[in-house]
Amino acid sequence: QQVVTTAQLKEVQEAVKEVHIDHKVKDYIVELVRQTREHTDVYLGSSSRGALALYRLCQARAGIFGRDYVLPDDAKALAVTALAHRIIVGPAARIKDIEPDNIVEELLNRIPVPTA
């Protein structure tokens, strides 16, 4: 049985785009993605598409939790999911069994979280 109509789904997708995301959180997302490209263990880091995916995921998560604004914690909670599969680990890092998830988690621990 159909749970939602196509029109309802499109309406929700458009509503998610209206969830506010502060410029500090935007900058945080951009910095996370940028540093995936500059990390010493990474052969090929995430692109701007990764940043956009994380941006939209944050908006969706905020909406699911009933907020009309994104928190930095939304980005932290979703970064591994949005970015890890977009990273190609370098040969030396592969030998050391370093996974893309580990790299994103390291960046999350290293990059300062924006505050109000």
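Read on for an overview of the structure.

The rules behind each value
Residues numbered from 1 in each chain as written. Predicted model: local features only at pLDDT ≥ 70, side-chain atom pairs only at ≥ 80, totals over all residues. Heavy atoms only, no water. Axes fitted to C-alpha atoms, helices over the stretch in contact; angles between N-to-C directions. Helix = DSSP H or I, 4+ residues; strand = E, 2+ residues; numbered from the N terminus. Parallel < 35°, antiparallel > 145°, perpendicular 65-115°, else oblique. Left-handed = near helix turned anticlockwise from the far one by under 90°. Contact = heavy atoms within 4.5 Å. Nonpolar A, V, L, I, M, F, W, Y, C, P; charged D, E, K, R; others polar. Salt bridge = Lys/Arg side-chain N within 4 Å of Asp/Glu carboxyl O.

### Description of the packing of helix H3 (residues 48-64) against helix H4 (residues 72-83)
Helix-helix packing is described using two parameters, namely the angle between the two axes and the distance between the axes. Closest axis-to-axis distance for the H3/H4 pair is 9 Å, and the angle between their directions is 130°. Considering their axes alone, H3 and H4 lie oblique with respect to each other. Between H3 and H4 lies a crossing of right-handed hand. Along the contact surface, H3 presents Gly50, Leu54, Leu57, Cys58, Arg61 and Ala62, while H4 presents Asp73, Asp74, Ala75, Ala77, Leu78, Ala79, Ala82 and Leu83. Looking at the contact of H3 with H4, its residues break down into 10 nonpolar, 1 polar and 3 charged.

### Observations concerning the pattern of salt bridges
Here the structure, examined in full by the defined rule, presents 6 salt bridges. Among the salt bridges present, the one from arginine 34 reaches glutamate 38, with a minimum N-O distance of 2.5 Å. You can see arginine 34 and its partner glutamate 38 sitting in helix H2 (residues 23-38), 4 residues apart, about one turn around the helix.

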